[in-house]
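Spelled out from the first residue to the last, the chains are:
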Amino acid sequence: MVEARLRVIYGDTDQMGVVYYANYFRYFEFARSEFFRAHGGSYRELESTGLLLPVVEASAHYKASARYDDLLVIRATLSELRHASLVFTYELLRDGESPTLLCTGRTMHACVGRDGKPRRMPEALSRLKALDAG
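- Under an unreviewed UniProt entry, the chain has the name Acyl-CoA thioesterase and belongs to Corallococcus praedator.
- In its Sequence similarities (unreviewed entry) section, the UniProt record describing the chain reads: "Belongs to the 4-hydroxybenzoyl-CoA thioesterase family."

Given below as C-alpha coordinates:
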(Lines give C-alpha, C1' and ligand atoms only; values in the text may rest on other atoms or scores of the structure.)
Protein backbone atom coordinates (compact mmCIF):
# COMPACT_ATOMS: atom_id res chain seq x y z
CA MET A 1 0.00 0.00 0.00
CA VAL A 2 1.20 3.47 -0.84
CA GLU A 3 -0.12 6.72 0.61
CA ALA A 4 -0.15 9.75 -1.65
CA ARG A 5 -1.00 13.23 -0.39
CA LEU A 6 -2.42 16.23 -2.19
CA ARG A 7 -4.31 19.39 -1.40
CA VAL A 8 -7.63 20.08 -3.12
CA ILE A 9 -7.35 23.05 -5.47
CA TYR A 10 -10.23 25.42 -6.18
CA GLY A 11 -10.49 24.17 -9.78
CA ASP A 12 -11.42 20.67 -8.52
CA THR A 13 -14.55 21.95 -6.78
CA ASP A 14 -18.04 23.05 -7.74
CA GLN A 15 -19.72 26.33 -6.72
CA MET A 16 -20.31 24.94 -3.22
CA GLY A 17 -16.59 24.27 -2.69
CA VAL A 18 -17.17 20.49 -2.83
CA VAL A 19 -14.90 18.29 -4.96
CA TYR A 20 -16.64 17.35 -8.21
CA TYR A 21 -17.33 13.60 -8.14
CA ALA A 22 -15.31 12.70 -11.25
CA ASN A 23 -12.14 14.20 -9.74
CA TYR A 24 -11.91 11.30 -7.30
CA PHE A 25 -10.85 9.15 -10.27
CA ARG A 26 -8.05 11.64 -11.00
CA TYR A 27 -6.98 11.31 -7.36
CA PHE A 28 -6.98 7.52 -7.72
CA GLU A 29 -4.77 7.87 -10.80
CA PHE A 30 -2.40 10.14 -8.91
CA ALA A 31 -2.08 7.54 -6.12
CA ARG A 32 -1.58 4.74 -8.67
CA SER A 33 1.27 6.67 -10.27
CA GLU A 34 2.81 7.20 -6.85
CA PHE A 35 2.45 3.47 -6.17
CA PHE A 36 4.58 2.70 -9.25
CA ARG A 37 7.14 5.36 -8.31
CA ALA A 38 7.39 4.03 -4.75
CA HIS A 39 8.21 0.63 -6.21
CA GLY A 40 10.90 1.95 -8.54
CA GLY A 41 8.94 2.27 -11.79
CA SER A 42 6.55 4.48 -13.70
CA TYR A 43 3.80 4.35 -16.29
CA ARG A 44 6.20 6.01 -18.72
CA GLU A 45 8.66 3.12 -18.39
CA LEU A 46 5.90 0.55 -18.91
CA GLU A 47 4.63 2.35 -22.00
CA SER A 48 8.16 2.50 -23.41
CA THR A 49 8.03 -1.33 -23.55
CA GLY A 50 4.90 -1.16 -25.72
CA LEU A 51 2.48 -2.14 -22.94
CA LEU A 52 -0.47 -0.11 -21.69
CA LEU A 53 -2.76 -0.47 -18.66
CA PRO A 54 -6.10 1.09 -19.67
CA VAL A 55 -8.86 1.27 -17.07
CA VAL A 56 -11.58 -1.21 -18.05
CA GLU A 57 -13.70 -0.85 -14.92
CA ALA A 58 -13.91 1.82 -12.23
CA SER A 59 -16.06 2.44 -9.18
CA ALA A 60 -16.21 4.86 -6.28
CA HIS A 61 -18.28 4.82 -3.11
CA TYR A 62 -18.66 8.30 -1.64
CA LYS A 63 -18.92 8.58 2.16
CA ALA A 64 -18.39 12.32 2.77
CA SER A 65 -17.41 15.38 0.75
CA ALA A 66 -13.89 16.55 0.14
CA ARG A 67 -13.71 20.34 0.01
CA TYR A 68 -11.47 23.11 -1.26
CA ASP A 69 -8.10 23.23 0.54
CA ASP A 70 -8.53 19.84 2.26
CA LEU A 71 -5.33 17.84 2.53
CA LEU A 72 -6.16 14.38 1.19
CA VAL A 73 -4.47 11.04 1.78
CA ILE A 74 -5.10 8.51 -0.97
CA ARG A 75 -4.14 4.93 -0.17
CA ALA A 76 -3.56 2.73 -3.21
CA THR A 77 -3.22 -1.03 -2.91
CA LEU A 78 -2.49 -3.50 -5.68
CA SER A 79 -5.16 -6.00 -4.63
CA GLU A 80 -5.25 -8.43 -7.58
CA LEU A 81 -2.83 -9.39 -10.31
CA ARG A 82 -3.81 -11.85 -13.03
CA HIS A 83 -2.16 -12.94 -16.28
CA ALA A 84 -3.43 -9.94 -18.26
CA SER A 85 -5.15 -7.65 -15.73
CA LEU A 86 -4.72 -6.04 -12.35
CA VAL A 87 -6.91 -4.35 -9.76
CA PHE A 88 -6.15 -1.42 -7.48
CA THR A 89 -8.27 -0.50 -4.46
CA TYR A 90 -8.29 2.94 -2.85
CA GLU A 91 -9.17 4.73 0.33
CA LEU A 92 -9.36 8.50 0.21
CA LEU A 93 -9.25 10.32 3.55
CA ARG A 94 -9.22 13.90 4.78
CA ASP A 95 -5.96 14.26 6.69
CA GLY A 96 -5.91 15.54 10.24
CA GLU A 97 -5.85 14.44 13.86
CA SER A 98 -8.90 12.26 13.19
CA PRO A 99 -8.68 11.27 9.51
CA THR A 100 -12.11 11.01 7.87
CA LEU A 101 -12.83 8.38 5.23
CA LEU A 102 -14.32 10.24 2.27
CA CYS A 103 -14.35 7.65 -0.50
CA THR A 104 -13.35 4.11 -1.39
CA GLY A 105 -12.76 2.92 -4.92
CA ARG A 106 -11.53 0.28 -7.28
CA THR A 107 -10.04 0.26 -10.78
CA MET A 108 -9.41 -2.74 -13.00
CA HIS A 109 -6.78 -2.47 -15.73
CA ALA A 110 -6.12 -4.66 -18.73
CA CYS A 111 -2.57 -5.24 -19.90
CA VAL A 112 -2.56 -4.61 -23.66
CA GLY A 113 -0.12 -3.89 -26.44
CA ARG A 114 -0.29 -0.76 -28.57
CA ASP A 115 -2.53 -2.75 -30.91
CA GLY A 116 -5.11 -3.06 -28.10
CA LYS A 117 -4.72 -6.84 -27.82
CA PRO A 118 -4.24 -8.47 -24.39
CA ARG A 119 -0.68 -9.18 -23.34
CA ARG A 120 0.77 -11.16 -20.47
CA MET A 121 1.57 -9.07 -17.41
CA PRO A 122 5.29 -8.26 -17.38
CA GLU A 123 7.44 -9.86 -14.69
CA ALA A 124 8.20 -6.44 -13.16
CA LEU A 125 4.52 -5.96 -12.30
CA SER A 126 4.25 -9.47 -10.91
CA ARG A 127 7.09 -8.61 -8.55
CA LEU A 128 5.18 -5.50 -7.43
CA LYS A 129 2.34 -7.68 -6.16
CA ALA A 130 4.78 -9.85 -4.26
CA LEU A 131 6.36 -6.71 -2.72
CA ASP A 132 2.95 -5.26 -1.84
CA ALA A 133 1.91 -8.50 -0.12
CA GLY A 134 5.14 -8.71 1.87
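1. Focus on the overall build of the chain
- Helix and strand counts for the chain stand at three helices and seven strands.
- Counted from the first residue to the last, the chain has its helices and strands arranged as β-α-α-β-β-β-β-β-β-α.
- Radius of gyration (C-alpha) of the chain: 16 Å, near the 14 Å computed for a compact globule of 134 residues.
- Each of the three principal axes of the chain carries a C-alpha extent, and together these read 45 × 30 × 25 Å.
- Out of the 134 residues belonging to the chain, those deemed buried represent 41%.
- Averaged over its 18 positive side-chain charges, the chain has a centre that lies 5 Å from the centre of its 17 negative ones.

2. Observations regarding helix α1 (residues 23-38)
- Over its 16 residues, α1 extends 23 Å from the first C-alpha to the last, a length consistent with the 22 Å expected when each residue adds 1.5 Å.
- Every buried residue belonging to α1 is among Asn23, Tyr24, Tyr27, Phe28, Ala31, Arg32, Ser33, Phe35 and Phe36, and all of these are buried.
- Where α1 ends, the next residue or the one after it, glycine 40, has phi of about 80°, a positive value.

3. Looking at the nonpolar core
- Grouped together as the largest cluster of nonpolar side chains are 31 residues, with contacts concentrated most on Tyr27, Leu53, Leu72, Ile74, Leu92 and Leu125.
- Secondary structure elements with two or more residues in this core: β1 (2-7), α1, α2 (43-48), β4 (71-81), β5 (85-94), β6 (100-110) and α3 (123-133).
- The element contributing the most residues to this core is α1, with six residues.
- Ignoring any residue separated from it by four or fewer positions in sequence, one finds isoleucine 74 in contact with Val2, Glu3, Ala4, Leu6, Tyr27, Phe28, Phe30, Ala31, Glu91 and Leu92.

4. Digging into the packing of aromatic side chains
- Here the structure, examined in full by the defined rule, presents eleven aromatic pairs.
- Arranged with centres 5.7 Å apart and planes meeting at 85°, the rings of phenylalanine 25 and phenylalanine 28 form a pair that is edge-to-face. Placement of both phenylalanine 25 and phenylalanine 28 in helix α1 is noted, with a separation of three residues, approximately one turn of the helix.
- Taking the relative accessible area as the measure of exposure, phenylalanine 25 reaches 29% and is therefore partly exposed.

Parameters at a glance
Here the residue index of a chain counts from 1 through its sequence in written order. Note on the predicted model: pLDDT of at least 70 is required for a residue's local features to be given, and 80 or more for side-chain atom pairs to be given and counted; whole-chain, interface and lining totals, by contrast, use all residues. In computing side-chain values, all of the structure's heavy atoms are included and hydrogens and water are not. UniProt positions are given in the numbering used here, feature names are shortened, and annotations may be inferred rather than shown by experiment. In this description a helix means any DSSP run of H or I spanning at least four residues, a strand means any run of E spanning at least two, and both kinds are numbered starting from the N terminus. Just to be clear, the radius of gyration here is over C-alpha atoms, and the globule rule we use is 2.2 Å times residues to the power 0.38. We call a residue buried when its accessible area falls under 20% of the maximum for its residue type, exposed when it is over 50%, and partly exposed in between, using a 1.4 Å probe and counting protein chains only. A residue counts as positive if it is Lys or Arg and as negative if it is Asp or Glu; His and the chain ends are not included. Charge positions come from single atoms, namely NZ of Lys, CZ of Arg, CG of Asp or CD of Glu. Multiplying 1.5 Å by the helix residue count minus one yields the expected span of that helix. What we call a nonpolar core is a set of buried Ala, Val, Leu, Ile, Met, Phe, Trp, Tyr and Cys residues that are connected through their side-chain atoms within 4.5 Å. Any two residues whose heavy atoms approach within 4.5 Å are treated as being in contact. Centres within 6.5 Å are what make two rings of Phe, Tyr or Trp a pair, Trp counting through its six-membered ring; a difference in plane orientation under 30 degrees is then read as stacked, over 60 as edge-to-face, and the rest as tilted.

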